[in-house]
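So the chains spell out like this:
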Amino acid sequence: MNILFVCSEAHPLIKTGGLADVAGSLPLAINELGHDIRLVLPAYHELRAKCSDLKIVAQLTLPTAQHPVKILEGKLANSQVTLWLVDYPAAFNRPGNPYMTLQGEPWPDNPHRFALLSRAAVELSQNRAGLNWQADIVHSNDWQTALAPALLSLEPLRPATLFTIHNLAYQGVYKKELFEQLELPWALWQQQGVEFHHMLNMIKGGITYADIITTVSPTYAHEIQGSEYGNGLEGVLRHRNERLFGILNGVDYDEWNPETDPHLSTHYNTLNFADKIKNKRALQKERGLPVRDKTPLIGLVARLVDQKGIDLLINALPHLIKQEVQLVILGSGERRYEQQLQQWQQWHPDKISVQIGYDESLAHRIEGSSDMFLMPSRFEPCGLNQLYSLKYGTVPIVRRAGGLADSVVEASKQNIADQTATGIVFDHADTHAICWALDQAISLYHQPKIWQQLCKTGMAQVFDWKSSAERYLALYKKAQDFRGW
Ligand code: ADP
Ligand code: GLC
């Protein structure tokens, strides 16, 4: 099959979160199964600097673009996957985050920028860029590329389309004037289209027009059809429910593996698991915490936003801090969370270490050094860090939501006895529940036999991309069957 994978970020080129991990791995896994998959990304400033050997292979004339849009071609690192960069400097050649200004505000021209990306994908997929390549499938991701299936629905000889929701909380909602400014076809402006309460809703375009809709875990696929997690689109999703599927993300084990991770000073696996303590000591030292083998070390790496339940953690701190425990936090996001966490660090420098910012290497060291990893998410479409934690024998403490519910087996009495438990799972998004979970984790930590079993059962779990890629391929075929219904 010829597949065009369209996305707004991809690791290791440009990353703000898990979407990049997926876009940097899934195309490779699909390629390894023998398919011609090509990745389309914006030619961001940062990304151009990282790619050598780019050549201009096409020029497109697109609505709203005052100049021709260039297509640059390269290869995704260490792979056969062709990379096509949409080069329109006025839209993409600016420093910083792909979505936000340095002040943390969305770039005001985001709808223009990402409509342009979707439009370029529509042309590339239908062999209209002179590149002698025709897609069978266009796979687009999140609101930034959701207009691609919407625009393609108007094309008579179009490829089939699959749209993946990585996070329904971000929808790309704009005033109707924007719809006009973007020169989108009026055929899309309808209730069964991109219109939502008289506004333009880009993600709704993906949901209503794609032949198949997926999201990144079976539980999230179910959750978003209800009002609590549907963000207003639950009705639309229920309406298309026979086309909605959940596929759990995988892990790139070349990147996330404690046996080979170049960011760790000591490598380990289940056989020499005891060596992991050396990494713990190194991290305690590095973060200025007392070096204590027997003190449970809890890690957290996340965007510091409501989704991740940072407020739940902050509310639990007065309780947690009374115990013999250490906490290492890495993240950035909402100013108020950054400030509150830094304040707690100042109050308890012997127990809490907070690093604000983005640091790939430290993220790996936290996974490879902590005893447990906290993800108290209010919602979590998939979540990748709990999957990394399992592999690293770092017991995840998670809220039962989305992909967390699908990947962590709770340490109930029965599951501990059966040796199937891999982590601590709590239900309610409140202080009482998170404190209960932390207490349970600390108590199990002090029962070495059970704890070792939890770590090792977790390390034996496999969430590889190959099986997820096979599921996507089956759905690409289904999308072809559905096309035109
Ligand atoms: P989300 O995409 O919602 O942020 P995921 O769990 O799917 O959540 O993926 C987050 C990814 O981003 C993981 O690879 C995680 O290690 C990484 N990450 C998040 N924050 C940071 C940070 N401050 N520094 C380094 N890596 C980070
Ligand atoms: C989103 C979700 C996260 C998921 C990631 C990759 O950012 O918040 O749960 O793992 O996308 O699919």
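See the structure shown above.
Residues numbered from 1 in each chain as written. Chains lettered and ligands numbered in written order. Predicted model: local features only at pLDDT ≥ 70, side-chain atom pairs only at ≥ 80, totals over all residues. Heavy atoms only, no water.

S.K.: Just to check I follow, could you spell out the packing of aromatic side chains for this structure?
M.R.: Any two aromatic rings considered together are summarised by their centre-to-centre distance and by the angle between their planes. Using the criterion set out here, one finds 13 aromatic pairs in the structure. When the centroid spacing of 6.2 Å and the interplanar angle of 75 degrees are considered together, the rings of Trp-256 and Tyr-392 count as edge-to-face. One end of the pair, Trp-256, is in the loop between strand E12 (244-246) and helix H10 (276-286); the other, Tyr-392, is in the loop between helix H14 (385-391) and strand E17 (395-399), and 136 residues separate them in sequence. The exposure class assigned to Trp-256 is buried, which follows from its relative accessible area of 5%. Among the residues examined, Tyr-392 registers a relative accessible area of 0% and is labelled buried. An aromatic cluster is defined as three or more aromatic residues linked by ring pairs; in this entry it consists of Tyr-44, Phe-92, Tyr-99, Phe-114, Trp-143 and Tyr-174. Its end group placed over the ring of Trp-107, Arg-94 keeps NZ or CZ at 4.6 Å from the ring centre. Against the face of Tyr-253 rests Lys-391, its NZ or CZ located 5.0 Å from the ring centre. (Phe/Tyr/Trp six-rings, centres within 6.5 Å; stacked < 30°, edge-to-face > 60°. Helix = DSSP H or I, 4+ residues; strand = E, 2+ residues; numbered from the N terminus. Buried < 20%, exposed > 50% of the residue type's maximum accessible area, 1.4 Å probe, protein only. Lys NZ or Arg CZ within 6 Å of the ring centre and 35° of its normal.)

S.K.: Would you mind showing me how to read unusual backbone geometry here?
M.R.: Peptide bonds are trans in most cases, and residues, glycine excluded, mostly fall at negative phi. The linkage connecting His-11 with the following residue, Pro-12, adopts the cis geometry, with an omega of 5 degrees. The topology assignment puts Pro-12 in the loop between strand E1 (2-6) and helix H1 (18-32). If you check the backbone angles, Asn-127 has positive phi at about 55 degrees while not being a glycine. Phi angles above zero are rare outside glycine, and His-197 is one such case at about 50 degrees. Along the polypeptide, His-197 turns up in the loop between strand E9 (195-196) and strand E10 (199-201). By relative accessible area, which is 61% here, His-197 ends up exposed.

S.K.: Can you walk me through helix H7 (residues 202-209) in this structure?
M.R.: Among the eight residues of H7, eight are classified as buried, and the element is accordingly described as predominantly covered. Looking only at H7, the buried set comprises Met-202, Ile-203, Lys-204, Gly-205, Gly-206, Ile-207, Thr-208 and Tyr-209. For H7, the N-terminal cap is Asn-201; the gap from its side-chain oxygen to the backbone nitrogen of Ile-203 is 3.2 Å. (Polar contact = N/O pair within 3.5 Å; in protein donor to acceptor, adjacent residues only side chain to side chain.)

S.K.: What should I look at first to understand the site of ligand 2 in this one?
M.R.: Around ligand 2 there are 13 residues in total, and His-166, Asn-249, Gln-307, Glu-380 and Gly-383 lie nearest to it. The contact in question runs from an oxygen atom of ligand 2 to an N or O atom on the side chain of Glu-380, over 2.5 Å. Note that an oxygen atom of ligand 2 is positioned 2.8 Å from one of the backbone N or O atoms of Gly-383. In the complex, 93% of the free accessible area of ligand 2, which totals 310 Å², lies under the protein chains. With three residues, the top contributor of residues to the shell around ligand 2 is H1. (Near = heavy atom within 4 Å. Areas by Shrake-Rupley, 256 points an atom, 1.4 Å probe, with all protein chains shown as cover.)

S.K.: What exactly am I supposed to notice about the site of ligand 1 here?
M.R.: If you check the shell around ligand 1, you find 21 residues, and the closest are Gly-18, Asp-21, Arg-303, Lys-308 and Gly-357. At 3.4 Å from an oxygen atom of ligand 1 is found a side-chain nitrogen or oxygen belonging to Asn-385. Protein coverage of the free-state accessible area of ligand 1, which is 560 Å², stands at 93%. By residue number, the principal contributor to the shell around ligand 1 is strand E13 (residues 297-304), which donates three residues. Grouping the amino acids of the shell around ligand 1 by side-chain chemistry returns seven nonpolar, seven polar and seven charged. (Nonpolar A, V, L, I, M, F, W, Y, C, P; charged D, E, K, R; others polar.)

S.K.: It is not clear to me how the packing of helix H17 (residues 431-445) against helix H18 (residues 448-459) should be interpreted in this structure. Could you clarify?
M.R.: To describe two helices that pack against each other, one gives the angle between their axes and the distance between the axes. Running from N to C, H17 and H18 cross one another at 110 degrees; their axes reach a closest spacing of 7 Å. For the element pair H17 / H18, the angle class is roughly perpendicular. Where H17 abuts H18, its residues Ala-441, Leu-444 and Tyr-445 lie against Pro-448, Ile-450, Trp-451 and Leu-454. For the contact of H17 with H18, the per-class residue count stands at seven nonpolar, no polar and no charged. (Axes fitted to C-alpha atoms, helices over the stretch in contact; angles between N-to-C directions. Parallel < 35°, antiparallel > 145°, perpendicular 65-115°, else oblique. Contact = heavy atoms within 4.5 Å.)

S.K.: What is the right way to look at the nonpolar core in this model?
M.R.: Across soluble globular proteins, nonpolar side chains have a tendency to be buried as a group. Grouped together as the largest cluster of nonpolar side chains are 100 residues, with contacts concentrated most on Leu-4, Leu-41, Ile-165, Leu-168, Val-194, Leu-200 and Ile-207. Here Leu-168 is in contact with Ile-203, Ile-207, Tyr-220, Ile-224, Tyr-229, Gly-230, Asn-231, Leu-233 and Leu-237, once residues within four sequence places are set aside. Grouped together as the second largest cluster of nonpolar side chains are 56 residues, Tyr-253, Leu-300, Ala-302 and Val-354 included. (Core = buried A, V, L, I, M, F, W, Y, C linked by side-chain atoms within 4.5 Å.)

S.K.: I'm lost on the sheet that holds strand E18 (residues 424-426) in this one. Help?
M.R.: Two modes of strand pairing occur in sheets, parallel and antiparallel, and in both the strands are linked by backbone hydrogen bonds. Read across the sheet, six strands follow the order E15-E14-E13-E16-E17-E18 without closing on themselves; strand pairing throughout is parallel. Looking at which strands have only one partner, the edges of the open sheet turn out to be strand E15 (352-356) and E18. Looking at each pair of strands side by side, their axes are set apart by 15 degrees on average, direction ignored. (Pairing = 2+ DSSP bridges.)

S.K.: For this particular structure, what's the right way to read the sheet that holds strand E7 (residues 160-165)?
M.R.: As summarised here, the arrangement of the nine strands in space is E3-E4-E5-E2-E1-E6-E7-E11-E12, forming an open sheet in which the pairing is mixed. At either margin of the open sheet sits one strand with a lone partner, and together these are strand E3 (55-60) and E12. Within this sheet the neighbouring strands show an average axis-to-axis angle of 25 degrees, counted without direction. In the sheet, E3 pairs with strand E4 (residues 69-75) via five bridges, with the strands oriented antiparallel. Paired with Ile-56 across the strands is Leu-72, a residue of E4. Across the sheet, helix H19 (residues 465-482) is in contact with E1, strand E6 (137-141), E7, strand E11 (212-215) and E12; its angle to E7 comes to roughly 130 degrees.

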